[in-house]
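Residue-level structural notes
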Amino acid sequence: MIVKQNPPISQVIVDRIKKAGARFHANDNISDYIEEGEKELLIEELTEKFEDVLKSLVIDIDTDPNSHNTGHRLAKMYIKEIMSGRYEKAPKVASFPNDGSHGTKPYSGMLVVRADIKSMCSHHHQPVTGVAYIGIIPSTKVIGLSKYVRIAQHCARRGTLQEELCGDIASAIMKATESENVACYIVARHGCMENRGIMASCAATQTTVLHGLFYTADAKKEFFDNVQMQENQNRFSCS
């Protein structure tokens, strides 16, 4: 049995955010304003509201075995999975000096990392599935390869637009690495185009954000050559 909180926990969190003068858009991370145990309370509150939505869709959630507990499943999915990037802290990222301290020269070349991402369109709450390619020319710090992927996935798991997501990933990588030379290219398919409206199957959207040296023709070409190489290799290995 769900015990209603008065005021609801969502309003408590909103009041906390407004008092701090912060923003809580669909693509914002609000984890700093959520206290221990409050995500579970949000799930409880959402469960009841999702059940009301199902009832308004004239779905019998009491006797239909396929719809029983669907409200709770939806609530958990939003808070802990598809929008978890709003409610969870950013991943901890350990950095290492790129100064030749281990007997090698500092790395001054380009690094390109591929990250599979899942996101959600904030207009229709439909899935966005794709790949982010992150390019970096390191400065004085480097981070572990998996951290690029974790950062991209943390930025993606919220309600957003692909254009914004591309910029958010690039900014987060720049902050973690202290390098101004960062690029992000995303190619993704959108449920809001495939599952409704135009019903366009296999329609892909591409976005690019470039910073620093990636504006130069040579670096830009090298980045996209690497992207194409990885795309070709991935296509071959998955066929």
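In what follows, the structure referred to is the one given above.
Conventions we followed
- Residues numbered from 1 in each chain as written.
- Predicted model: local features only at pLDDT ≥ 70, side-chain atom pairs only at ≥ 80, totals over all residues.
- Heavy atoms only, no water.
- Pairing = 2+ DSSP bridges.
- Helix = DSSP H or I, 4+ residues; strand = E, 2+ residues; numbered from the N terminus.
- Contact = heavy atoms within 4.5 Å.
- Axes fitted to C-alpha atoms, helices over the stretch in contact; angles between N-to-C directions.
- Phe/Tyr/Trp six-rings, centres within 6.5 Å; stacked < 30°, edge-to-face > 60°.
- Buried < 20%, exposed > 50% of the residue type's maximum accessible area, 1.4 Å probe, protein only.
- Lys, Arg positive; Asp, Glu negative; His and termini not counted.
- Salt bridge = Lys/Arg side-chain N within 4 Å of Asp/Glu carboxyl O.

1. Side note on the sheet that holds strand β3 (residues 127-136)
Taken in spatial order, the five strands make up an open sheet running β5-β2-β3-β6-β7, and their pairing is mixed. What marks the edges here is a single partner per strand, and that holds for β5 (159-160) and β7 (204-210). Sheet topology note: the β3/strand β6 (residues 182-190) ladder contains nine bridges and is antiparallel. Bridging across to β6, V131 finds its partner in V187. Those strands touched by helix α5 (residues 145-156) are β2 (111-121) and β3, and its axis lies near 20° from that of β2.

2. Brief notes about the packing of aromatic side chains
Each aromatic ring pair is summarised here by two numbers: the centre-to-centre distance and the angle between the ring planes. Applying the stated criterion across every chain, the model contains five aromatic pairs. Where Y185 meets F224, the ring centres are 5.5 Å apart and the plane angle is 80°; that geometry is what we call edge-to-face. Here Y185, found in strand β6, pairs with F224, found in helix α8 (residues 217-237); they are 39 residues apart in sequence, far enough to count as distant. Aromatic rings pair up to connect Y133, Y185, F214, F223 and F224 into one cluster.

3. A look at the side chain of R86
Looking at the element boundaries, R86 is found in helix α4 (residues 84-87). The buried charged residue R86 lacks any salt bridge, with D28 as its nearest oppositely charged partner at 5.9 Å.

4. As for the environment of A170
For A170, the location among the structural elements is in helix α6 (residues 162-177). Taking the relative accessible area as the measure of exposure, A170 reaches 0% and is therefore buried. Non-local contacts of A170, meaning those with residues more than four positions away in its chain, are made with V182, C184, V209 and H211.

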